Amino acid sequence: MAINTYAAIDVGSSVLAMKIFEISKAHGVVEITHIRHELSLGSDVFAYGLVSYKTISEMCRILKDFKNIMNEYKVASYHAYGTDALREASNRLVVLDQIKLQADIRIRILSNSEERFLYYRATFMKENILADLADEGALIADISAGSVQFSIFSQDTLAFTQKLKLGASRISGILHSLEPEVSSYYELISEYMEKDLTTFHSMYLADKKISHIITVGTKIPELRHSLMKSDKGFTGTISRKEYSKLDFAAILGNEPPELVIPTLLLLRKIASLTKCDDLYLSETDLCDCIAAEYAVKKERINTNHDFTKDIIATAKNIALRYGVDMNHVDNVSYFATEIYDSIRKLHGLGKRERLLLQIGVILHSCGAYINMSQTRENSYKIIMSTEIIGISHKERVIIANIVRYNNEYFPMYEEIEDEITRDEYITIVKLCSLLRLANVLDKSNTQKIKRVSVTLHENSLLIAAYTIEDITLEIGLFHQKANVFEEVFGIRPVLKKKK
């Protein structure tokens, strides 16, 4: 039985943490040690925009210790991820370079959407109760030191997500200097959060039934453990009424108040607004999330939930917000994936790129909501301005450019090299040509073609369209898109009508 010793490192905004795991198919992910160091990285960044030299030195010292511990445990592989604070630090490249030189650890900075997806996936994999809570109507409050991400579940699918900059470290950095001037610091924090939370609730939650709030992220496992100390029977769930009466001072323990109180008050407010039944405090932290991602990629553990469907569902909800014709989207998505799957040996792309193509199809016309004469450019701007949980920033750039150049013109690489790499450019060219071809098959937006069969021959790609409708428009315009497709893949697509 192969057992892999693996280390997950969280370079967070308020703590540096490392967990070492044994990962195997037989036993899954088993934690064998956990090391934490409090470090107020976020205090520097959220107040001054950069990481101070003193903090960089302290980070390097701690991460050197982590490296030594990894060697003692004979760790075979590791991943180290940075979050809010490093993401926003103006000198993040200097910080990453110093850590690599001094501690011999490479850190990858997660985008916000990647970080949230890791939490979401790992929490549902690790804590079985959450699937039942989601079925009954749940709001996930993913709280980091710099922000909170609210995500809504509907019928066991991630339906919507929104980020607010209300993390504990960020709020403390902004308001801490005002503490001596007010009689109640708690009330000051509550007042600061009031507008954003009430606006969010009125815009997105007012018409939704939220039975449960699932809380994950920074400090949530510590809060759970504090409550377990005072109540041995505590299993993670606390009613809204019980939570509203909690004595915050009594459950803080050794935790710094400025890094916990904003989180406690935020949860109290959102629970009050939603009138939820209860709150569930997750025990999953970012190290668990990193290990779960690694185990899934290495096929050491299986997942029962299809998380790809959640990403697609989120994209569809964005499209609905901009009045997109979903019948057209579903039709074109069917065509695009049929063609994609039929020419795998020609495009050489994988499952992930297939997903990016699907999202591109879903969002390709959302810009018409703003201005129909500039649909593609506006769709590009919408995609670049909208986070999609589970999609990285680089992948969002690929999707946005697939949509932007969904016409006859495609730029030379040199025209957009500041935005993408050469490999990304080639991926965009391939996916864009697929989108163009699929889109023209429903040019009239009336779904005259509902079924196709795609057959790859030596010099051509035969697309048989089964329909009794008049598809003169589609056949006539297909020729133009076929030219571009042939330039990219070296084969000629041919459209034939079949009754």
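In this report, the structure presented in the accompanying data block is examined. Computed from a predicted structure; not experimentally measured.

1. Considerations on the overall build of the protein
Piece 1. Looking only at helices and strands, the protein features 22 helices and 14 strands.
Piece 2. Viewed in the frame of its principal axes, the protein has a C-alpha envelope of about 75 × 50 × 45 Å.
Piece 3. Of all 499 residues assigned to the protein, the portion counted as buried reaches 56%.
Piece 4. At a minimum sequence separation of 6, the contacts of the protein that also span at least 24 residues come to 69%.
Piece 5. When the accessible surface of the protein is split by element, carbon and sulfur atoms take 48% of a total near 22700 Å².
Piece 6. Across the protein, the mean location of the 61 positive side-chain charges is 4 Å away from that of the 65 negative side-chain charges.

2. Section: a nonpolar patch on the surface
Piece 1. Together, Val30, Ile32 and Tyr73 make up an exposed nonpolar region whose accessible area comes to about 220 Å².
Piece 2. Its location among the elements puts valine 30 in strand S3 (residues 28-38).

3. What to know about the nonpolar core
Piece 1. Ranked by internal contacts, the top residues of the largest apolar core, which has 96 residues, are Ile339, Ile359, Leu363, Leu434 and Phe485.
Piece 2. The biggest single contributor to this core is helix H21 (residues 422-440), with ten residues.
Piece 3. For leucine 363, the residues in contact, after removing those within four places along its chain, are Ala315, Ile318, Ala319, Ser379, Ile383, Ile388 and Val403.
Piece 4. Core analysis: the next-biggest nonpolar cluster, separate from the first, contains 41 residues, Ala141, Phe150, Leu188 and Ile261 among them.

4. A short note on the side chain of asparagine 331
Piece 1. Position of asparagine 331 among the secondary structure elements: in helix H15 (residues 326-342).
Piece 2. Judged by relative accessible area, which is 8%, asparagine 331 ranks as buried.

5. A look at the packing of aromatic side chains
Piece 1. Taken as a whole and assessed by the stated rule, the structure comprises eleven aromatic pairs.
Piece 2. Relative to phenylalanine 124, the ring of tyrosine 120 has its centre 5.4 Å away and its plane inclined at 65°; by these criteria the two rings are edge-to-face. Residue tyrosine 120 and its partner phenylalanine 124 are located together in helix H5 (residues 112-126), separated by four residues, close to a single helical turn.
Piece 3. Residue tyrosine 120 is classed as buried on the basis of its relative accessible area of 6%.
Piece 4. Looking at phenylalanine 124, the relative accessible area reads 13%, which means it is buried.
Piece 5. Measuring from centroid to centroid gives 5.3 Å for tyrosine 405 and phenylalanine 410, while their planes differ by 55°, and the two rings are tilted.

6. A word on the environment of phenylalanine 46
Piece 1. Tracing the sequence through the fold places phenylalanine 46 in helix H1 (residues 41-48).
Piece 2. Taking C-alpha positions, phenylalanine 46 is 8.4 Å from alanine 89, a pair spaced 43 residues apart along the chain.
Piece 3. Ignoring any residue separated from it by four or fewer positions in sequence, one finds phenylalanine 46 in contact with Ser13, Asp84, Ala85, Glu88, Ala145, Gly146, Ser169 and Arg170.

7. Let's talk about the sheet that holds strand S5 (residues 107-109)
Piece 1. What the five strands build is an open sheet, ordered S3-S2-S1-S4-S5; its pairing is mixed. Looking along the sheet, the strands with just one partner apiece sit at the ends: S3 and S5. Mean inter-strand twist for the sheet, computed between neighbouring axes without regard to direction, equals 20°.
Piece 2. Sheet topology note: the strand S1 (residues 4-11)/strand S4 (residues 77-82) ladder contains six bridges and is parallel.

8. Remarks on the packing of H5 against helix H14 (residues 307-321)
Piece 1. Here H5 crosses H14 at 135°, and the two axes come no closer than 12 Å. Classed by the angle they form, the pair H5 and H14 counts as oblique. Where H5 crosses over H14, the handedness of that crossing is right-handed. Across the interface between the two elements, Phe117, Tyr120, Arg121, Phe124 and Met125 of H5 pack against Phe307, Asp310 and Ile311 of H14.
Piece 2. Looking at the contact of H5 with H14 residue by residue, the classes come out as six nonpolar, no polar and two charged.

9. Some details on the packing of helix H19 (residues 393-404) against H21
The description of two helices packed together rests on the angle between their axes and the distance between the axes.
Piece 1. Orientation of H19 relative to H21, taken along the N-to-C sense of each, is 40°, at an axis distance of 9 Å. Relative to H21, H19 is oriented oblique. In terms of crossing hand, the pair formed by H19 and H21 is right-handed. Counted together, Lys394, Ile398, Asn401 and Ile402 of H19 and Glu424, Thr427, Ile428, Leu431, Cys432 and Leu435 of H21 form the full contact between these two elements.

10. Observations concerning the sheet that holds strand S14 (residues 492-498)
Piece 1. Taking strand neighbours across the sheet as the criterion, the three strands line up as S12-S13-S14 in an open arrangement whose pairing is mixed. The sheet is open, and its two edges are formed by strand S12 (451-456) and S14, each paired on a single side. For this sheet, the mean angle separating the axes of adjacent strands, direction not counted, is 20°.
Piece 2. Bridge count for strand S13 (residues 460-466) against S14 is seven bridges, and the pairing is parallel. From the neighbouring strand, serine 460 faces S14, where its bridge partner is arginine 492.
Piece 3. Where H15 meets the sheet, its contacts fall on S12 and S13, and the angle it forms with S12 comes to roughly 20°.

Rules behind the numbers
Sequence positions are assigned chain by chain, starting from 1 and proceeding in written order. Restriction of local features to residues with pLDDT of at least 70 applies here, the model being predicted, together with a cutoff of 80 or more for giving and counting side-chain atom pairs; totals for whole chains, interfaces and linings are based on all residues. Neither water nor hydrogens contribute to the side-chain values; these are computed over all heavy atoms in the structure. Going along the chain from the N terminus, every DSSP run of H or I of four or more residues is numbered as a helix, and every run of E of two or more is numbered as a strand. Burial classes follow relative accessibility: with a 1.4 Å probe on protein chains only, a residue under 20% of its type's maximum area counts as buried, one over 50% as exposed, and anything between as partly exposed. Note on definitions: a residue-residue contact is assigned when non-hydrogen atoms from the two residues lie within 4.5 Å. Calculation of accessible area relied on Shrake-Rupley with a 1.4 Å probe; when residues are assessed, cover is drawn exclusively from the protein chains displayed. Counted as positive: Lys and Arg. Counted as negative: Asp and Glu. His and the chain ends are not counted at all. Lys charges are placed at NZ, Arg charges at CZ, Asp charges at CG and Glu charges at CD. Patch membership is restricted to residues that have no salt bridge and whose relative accessible area is over 30%. Joining uses 9 Å for like charges and 5 Å for the nonpolar side chains Val, Leu, Ile, Met, Phe, Trp and Tyr. The term salt bridge refers to a side-chain nitrogen of Lys or Arg lying within 4 Å of a carboxyl oxygen of Asp or Glu. What makes a nonpolar core is a set of buried Ala, Val, Leu, Ile, Met, Phe, Trp, Tyr and Cys residues whose side-chain atoms join them at distances within 4.5 Å. Ring pairs are drawn from Phe, Tyr and Trp, using the six-membered ring of Trp, whenever the two centres fall within 6.5 Å, and their geometry is named by plane angle: stacked under 30 degrees, edge-to-face over 60, tilted for the rest. The pairing criterion for strands is at least two bridges between them, as found by DSSP. To obtain an axis, a line is fitted to C-alpha atoms, over the contacting stretch when the element is a helix, and the angle between two such axes runs from 0 to 180 degrees between their N-to-C directions. For classification purposes, angles smaller than 35 degrees are called roughly parallel, those larger than 145 roughly antiparallel, those between 65 and 115 roughly perpendicular, and all remaining angles oblique. For any helix crossing, the convention is left-handed if the near helix is rotated counterclockwise from the far helix by under a right angle, and right-handed if that rotation is clockwise. Classification convention: Asp, Glu, Lys, Arg as charged; Ala, Val, Leu, Ile, Met, Phe, Trp, Tyr, Cys, Pro as nonpolar; all other residues, Gly among them, as polar.

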